[in-house]
Amino acid sequence: MAAYFLRRIGYGVITLLGVLLLLFVLFFAVTDPDDIARKAVGERARPEVYAQWKTNHGYDKPLIINTGATGAGRFTDTLLAEHYRRMLTFDFGRSDADDSPISRRLREGALPSLGITVPLFVMGLVVSVAVALFVAFFRETYIDRVVLVLCMLTMSVAGLLYIIAGQYLVGQLLRWFPISGFDPNPAVVARFLALPVLVGVLSGFGADTRFYRTIFLEEIGRDYVRTARAKGCGDARVMVRHVLRNALIPILTNVVVQIPFLFTGALLLESFFGIPGLGALTVEAIQGNDFSTLRTMVYLGALLFIAGQILTDISYALADPRVRLG
Amino acid sequence: MHWVSDILVVLLASAAVGVCRYVSGDRFWRENATELWRRRPFAIAIVGAYLLIALMDSISWVDPASDANALTSGKPRTIIDRLFVPETFTEASYSAPLASVAFYGGQPLLHPGAHLLGTDLLGRDVVYRTLKGVRVALLIGGLTSLVVIPIALLFGVSAGYFGRRIDDAVFFAMTVLASVPTLLLLIALIMVLGKGTVQVCVALGVTGWVHFCRIARGETLKLRETDFIAAARALGVRDGTIIRRHILPNIAHLVIITFALSFTALVLSETILSYLGIGLDGSWGQMIDQARNELSRTPVIWWNLTGASIALFTLVLAVNMIADAMRDVIDPRTRREG
Amino acid sequence: MSAPLLAVENLSISFPGEAGPVRVVDRVSLSIARGETLALVGESGSGKSMTALAMMRLVPKPGRIQPGAHIAFEGRDLLSLSVPDMRAVRGAGIGMIFQEPMTSLNPVTTVGDQVLEAIELHAKLSRAQARSHVIELFGLVGIPDAKHRFGAYPHQLSGGLKQRVMIAMAMAMRPRLLIADEPTTALDATIRAQILELLRDLSAKTETAVLLITHDFGVVNEVADRVAVMYAGEIVEEGSRGELLGHPRHPYTQGLLRSIPKAEARGHRLEEIKGSVPRPGHWPTGCRFHPRCPHAFAPCPGTEPQRTTVSATQAACCHLLDRSVEP
């Protein structure tokens, strides 16, 4: 078991190194650092300002091979080596757009982001698993069909529209919650998060419910369910004790994979509802051509994803006795 | 860049004709197509209508007799353009559906009662803009798949079939790409490649091929272990022949279903890109994005948002329904009697 | 003879099909006395498993038991019981074991807990009491090292042990009837004999009646008191073991028996019944066996044969036995 975990973590590290290579190709090789610098300081800036900016932001080295250096420096004193070193030590430097330290902005944005993603994640999961279980219980009846049609309809609406419609309906017509904004004060924070969480849950509802329903139906069709019924289990007990318990394994896999996507899924919500989280930071970076911040966000997203994958595999191994006990 | 999309339209159209000929020639596919048509006639008709509109908006030419005026400046115009004549069929600014006076100010319109869904801020007809969006939406899905499917099949099938080094390499590439959250990777690619139809589609393709590839690889791995492939190998059939004759036809249904499902995801994700300011010009996403503050005006300007939203919703719903039915029809495990 | 433990009358089961409902079981009647072992024999697709599931009211959706059927168990009609009452019968009154011990056990729960659940559902026992009862049961069905095996997961046990767990689960509440649906089909030949012996011993010791579903006359020969043969949804012949194995009257039963390899017939080509069981919804008219029957004659394709009594215990549905239609 320990060997399995170690191997799994080792592969995760290798994948992360691959992601960093991909980022290097995209942000240093395909994008010319000179372009970034020119965009940042303006076309007409003096050469000294331009050179100074490049030095400050770490764009002043050769890409892969430093012909000017000697010994190991030929390879270590380059953008590639620098990129790996900084990303792996979480030294993200300064924003290309406004020179603010990226790590400070990450720290500031983390809390509001978690404030929206955690409730969104928990509520979305509970709602869709509960509805899916309910629908699977009433499979092949009109309840099942109605919910399936509802899922299909909600799946076919663009996420952007949910936000627009949600702001209009709840915020403007009904005036239940503020349309946008954020106040970290715990007494009022819920008022600002309610609407984005509601919109987020709704936009993911259809696809998730259908997915979980399929899992439940697959489990319901298995032989052990028939065995449970043959020994006198009632329908509810069969669903909870047998079906749900077995379905938890595939559900778990799906859920852990979603964790980093919440991080990006909040992109639109945060920016739209004026929540100063990491998603909003990313949108700002896109609009302001802030490559260094964007690079950092992509890296962190991938890092979270890989960690999530490793966690999934480990929890999968622990949850399923067939894997745990070999 | 207009010629690029012209070539693509020709490619897409010939691919469609090829698929139709193959389907009508093969019993399995013909029966499935018939069954699909029996189950979802409306959805198929809707998609057909969208295709027709997109085609009408793709055939363009310069007519020396009528286009030689200053308004069109000699650019090629499509059938849709010729039907609407957007150069003259405009107003000064907003007007409500079928109104005869302008929304603000109340001056009489140039074309009273002629704008079925009103006009937008710049006075453009909303129906015209919505119809123009059809082609963009289909290009996003169609073009991306055209890039993605061959690449994904090549890598996925060879990884699954040959295994070992090739599989390791493809699997590593897939893991790396899949590790970056899709939306972030998409944004990064478009930021780096620049905006534009082809760039956006390439970016969507790079993020999209992993999914296809994983399915192709998994299915090939499964097929390779089956008896009929083992028999073909034992008989000394060449690898290329086995892949062409036995593996590709057996994963075709999965590819089609995955395509239909990813099509809707592509069209929907374009709206997000539009919101971020990196979407395609003339897409519904852009229309929705531009109209997103109009709901907060009093009186409410709803038609601009409605046109694009309904067009988008209808297309995605129809494709979703077809994909769902297709899965039921092709996959015998989920095929219900009656 | 007193009232039978279980009496099935006029049982028909249908599934919705492309062109209206399709019957998979057609007007089946049979009965089992207390302590008796009845073997229900037939090829796959003949409807025997569905008949067994109907007795537990576990016919999978969207299948339906047609109105007009009666299943009397200890004098109560199971088909008109309330859902909670039926639940009380399952496991306590009637136990059931299935063909595939590999998939019939819940993979994420220990086998001990699964047997424990069968007890918990029907008896108010403390967990410790129930646990010791389970361990006792494990010993009874021949699971070695029962205490240790309580906490094992299904995948850690062999097929034979898993089937023993299934038997322990079905017998946990000392049911009056045990339905065993092909209990040995998925097992190796040596294990098969052990499981059959266990079933025979248990049924004798606890006076449990057994409905054994099988396609294997070897199994029939070893454990059955009486035999009923099913073909295309119908019971075509029934009788005591001796009668059916010694003097089968229906050509289908005769064909089945001839297709068993025998030691004395070495060197001869094994006989088989030509063709295969027709699919539900595609049953021939008249006698459903006539297209495959070597003795088919004039009335067979047209009229359905009536049940003809041959002895006090043997009866068959065949025109050859019906004196009113002489060939």
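What you are looking at is a predicted structure, and each value in this text was computed from that prediction instead of being measured.

What counts as what
- Residues numbered from 1 in each chain as written.
- Chains lettered and ligands numbered in written order.
- Predicted model: local features only at pLDDT ≥ 70, side-chain atom pairs only at ≥ 80, totals over all residues.
- Heavy atoms only, no water.
- Salt bridge = Lys/Arg side-chain N within 4 Å of Asp/Glu carboxyl O.
- Helix = DSSP H or I, 4+ residues; strand = E, 2+ residues; numbered from the N terminus.
- Buried < 20%, exposed > 50% of the residue type's maximum accessible area, 1.4 Å probe, protein only.
- Phe/Tyr/Trp six-rings, centres within 6.5 Å; stacked < 30°, edge-to-face > 60°.
- Patch = residues over 30% accessible without salt bridge, like charges linked within 9 Å, V, L, I, M, F, W, Y side chains within 5 Å.
- Areas by Shrake-Rupley, 256 points an atom, 1.4 Å probe, with all protein chains shown as cover.
- Axes fitted to C-alpha atoms, helices over the stretch in contact; angles between N-to-C directions.
- Parallel < 35°, antiparallel > 145°, perpendicular 65-115°, else oblique.
- Left-handed = near helix turned anticlockwise from the far one by under 90°.
- Contact = heavy atoms within 4.5 Å.
- Nonpolar A, V, L, I, M, F, W, Y, C, P; charged D, E, K, R; others polar.
- Buried area = accessible area lost by both parts, 1.4 Å probe.
- Polar contact = N/O pair within 3.5 Å; in protein donor to acceptor, adjacent residues only side chain to side chain.

A. The arrangement of the pattern of salt bridges in detail. Summed over all chains, the structure comprises 34 salt bridges over all chains. Measuring nitrogen to oxygen at the nearest pair gives 3.1 Å for the salt bridge that ties Glu35 of chain B to Arg38 of chain B. Linking Glu35 of chain B with Arg38 of chain B, this pair stays in helix 2 (residues 27–39), spanning 3 residues, or about one helical turn. We classify Glu35 of chain B as buried; its relative accessible area is 12%. Here Glu36 of chain C and Arg226 of chain C are joined by a salt bridge, their closest N and O atoms 2.7 Å apart. Placement of the pair is Glu36 of chain C in the loop between strand 2 (20–32) and strand 3 (37–41) and Arg226 of chain C in strand 10 (residues 226–231), with a sequence separation of 190 residues. You'll find Glu36 of chain C and Arg226 of chain C in the same group, each marked buried. It is possible to trace a salt-bridge network through shared partners that takes in Lys231 and Arg237 of chain A together with Asp113, Glu117, Glu120 and Arg127 of chain C.

B. Main features of the packing of aromatic side chains. By the definition in use, this model includes 17 aromatic pairs over all chains. Judged by centre distance (6.5 Å) and plane angle (35°), the rings of Tyr11 of chain A and Phe171 of chain B are tilted. Residue Tyr11 of chain A is located in helix 1 (residues 2–30), and its partner Phe171 of chain B is located in helix 6 (residues 164–179); the two belong to separate chains. When the ring of Trp302 of chain B is compared with that of Trp303 of chain B, the centres are 5.8 Å apart and the planes differ by 80°; the resulting orientation is edge-to-face. The partly exposed category is assigned to Trp302 of chain B, whose relative accessible area is 41%.

C. Quick look at a nonpolar patch on the surface. The grouping of Leu21, Val25 and Val30 of chain A together with Leu193 and Val202 of chain B at the surface amounts to a nonpolar patch, some 370 Å² of accessible area in total. At 3 residues, the largest contribution of residues to the nonpolar patch is made by helix 1 of chain A. When you line up the elements, Val30 of chain A lands in helix 1.

D. Structural detail: the packing of helix 10 (residues 239–275) of chain B against helix 12 (residues 303–330) of chain B. All names here are of chain B. Between helix 10 and helix 12, the shortest axis-to-axis distance is 9 Å and the interhelical angle comes to 160°. Judged by the inter-axis angle, helix 10 sits roughly antiparallel to helix 12. Viewed along their axes, helix 10 and helix 12 form a crossing whose handedness is left-handed. Note on element contacts: helix 12 touches helix 10 through Leu312, Leu315, Val316, Val319, Asn320, Ala323, Met326, Arg327 and Ile330, opposite His253, Ile256, Ile257, Ala260, Leu261, Phe263, Thr264, Val267, Leu268 and Thr271. Each residue belonging to the contact of helix 10 with helix 12 can be placed in one class, and the counts come to 14 nonpolar, 4 polar and 1 charged.

E. Geometry of the interface of chain A and chain B. Each side of the interface is counted separately: chain A has 44 residues, and chain B has 41 residues. Here chain A and chain B share an interface that buries about 3800 Å² over both sides, 78% of which is from carbon and sulfur atoms. Of all residues in chain A, Ser156, Leu160 and Ile286 of chain A give up the largest surface area on contact with chain B, accounting jointly for 14% of the area buried on that side. Applying the counting rule to chain A against chain B returns 1 salt bridge. Two residues, Arg210 of chain A and Asp324 of chain B, come together in a salt bridge whose shortest N-O distance is 2.6 Å. Taken together, the connections running from chain A to chain B amount to 3 residue pairs in polar contact (both at pLDDT 80 or more). For the side of chain A that touches chain B, the secondary structure elements donating two or more residues are helix 1, helix 7 (142–155), helix 8 (159–173), helix 11 (235–273), helix 12 (278–287) and helix 13 (291–319) of chain A.

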